[in-house]
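# Chains, contacts and geometry: an overview
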Amino acid sequence: EFDEKLQEIGSEIENEQKASLLQVSANAITDTIVGVVVLLGIVYNKEKLVDYFSDITGGFLNLSNISQAFILLLVSDTLVGYHSADGWDSVLKMIGNHYGLEPEATEEWIKVFVATVPVGLDVLFKFWVFKKLRKLSPSTQVILDDIGR
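Note that the structure is a prediction, hence the values are computed from the model and not measured. By convention here, each chain's residues receive numbers from 1 onward along its written sequence. Where local features are concerned, this predicted model is filtered to residues with pLDDT of at least 70; where side-chain atom pairs are given and counted, the filter is 80 or more; whole-chain, interface and lining totals use all residues. Excluded from the side-chain calculation are hydrogens and water; included are all heavy atoms of the structure.

Helical segments are the DSSP runs of H or I of at least four residues, strand segments are the runs of E of at least two, and each set is numbered from the N terminus. Here a helix's expected span is defined as the number of its residues, less one, multiplied by 1.5 Å. For helix 5 (residues 103-136), which comprises 34 residues, the first-to-last C-alpha distance of 43 Å sits more than 12% below the rise-based estimate of 50 Å (1.5 Å per residue). At any given residue, the bend is defined as the angle formed between two axes, one fitted to the seven residues that end at that position and one fitted to the seven that begin there. Taken as a whole, helix 5 carries its principal kink of about 35° at V129. Looking only at helix 5, the buried set comprises T106, I110, V114, P118, V129 and L133. Whether a residue is buried, partly exposed or exposed follows from its accessible area with a 1.4 Å probe, protein chains only, as a fraction of its type maximum: under 20%, in between, or over 50%, in that order.

On to the side chain of S76. Looking at the secondary structure, you find S76 in helix 3 (residues 65-80). It only takes one pair of heavy atoms within 4.5 Å for two residues to be counted as in contact. Excluding residues within four positions of it along the chain, S76 makes contact with G81 and F125.

For the rest of this paragraph, the subject is the pattern of salt bridges. A pair is scored as a salt bridge if a Lys or Arg side-chain nitrogen falls within 4 Å of a carboxyl oxygen belonging to Asp or Glu. For the coordinates displayed, the defined rule picks out four salt bridges. The residue E14 makes a salt bridge to K18 at a minimum N-O spacing of 3.6 Å. One end of the pair, E14, and the other, K18, are both in helix 1 (residues 2-44), four residues apart, so they sit about a helical turn from each other. The salt bridge partner of D89 is K93, with a shortest N-O separation of 3.2 Å. Of this pair, D89 and K93 both sit in helix 4 (residues 84-98), four residues apart, which is roughly one turn of the helix. Taken together, the shared-partner salt bridges connect D89, K93 and E107 into one network.

A patch consists of residues exposed above 30% relative accessible area that lack any salt bridge, with like charges linked at up to 9 Å and nonpolar side chains (Val, Leu, Ile, Met, Phe, Trp, Tyr) linked at up to 5 Å. Only the protein chains shown count as cover for residues, and all accessible areas are computed by the Shrake-Rupley method using a 1.4 Å probe. A surface patch of nonpolar side chains, about 680 Å² in accessible area, is lined by L63, F70, I71, L74, V75, L79, L121 and L124. Looking at the nonpolar patch, the element that brings in the most residues is helix 3, giving five residues. For L79, the location among the structural elements is in helix 3. Given the relative accessible area of 37%, L79 is considered partly exposed.

It is worth spelling out the packing of aromatic side chains at this point. For any pair of aromatic rings, geometry is given as the distance between the ring centres together with the angle between the planes. Between the rings of Phe, Tyr and Trp (Trp by its six-membered ring), a pair exists once the centres lie within 6.5 Å; its type follows the angle of the planes, with under 30 degrees stacked, over 60 edge-to-face, and the other angles tilted. One pass over the structure, following the stated rule, counts three aromatic pairs. With a centroid separation of 5.4 Å and 70° between ring planes, the pair formed by Y52 and F53 is classed as edge-to-face. Residue Y52 is classed as partly exposed on the basis of its relative accessible area of 48%. Judged by centre distance (6.3 Å) and plane angle (35°), the ring pair of F125 and W128 falls under tilted. On the criterion of helical spacing, the pair formed by F125 and W128 is a turn pair, its members being three residues apart in helix 5.

Here it is in structure tokens:
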């Protein structure tokens, strides 16, 4: 009786592991297909994408200076602000879980990612603000400088 119960439990664990492996494999395959489709869409629609981003830039520049500053601060604080580490941590754990990685196995990599990537994004954002935005919308630059003081 004990052997039968043990074999039943082992069989249940094996079935759970097979289902988990099947789910992870399905996620990887579908994500690869989606990635290829998106990449092909980008390659074959470059002109439309350029027009789209040009429209977004034009729309952003047509906003009031206060609205521009608010959007810039919201985006930058979300990606690289004080509380962004928790967001990055959660997103990376969800991605790891999506591909069947145990949280304990990815903890160190997540810490390194959270310690470095937001810093790089912050540098790029500041470079963009001080080099590019100054030319596009000087008054928004003045507002951001005042807020930064």
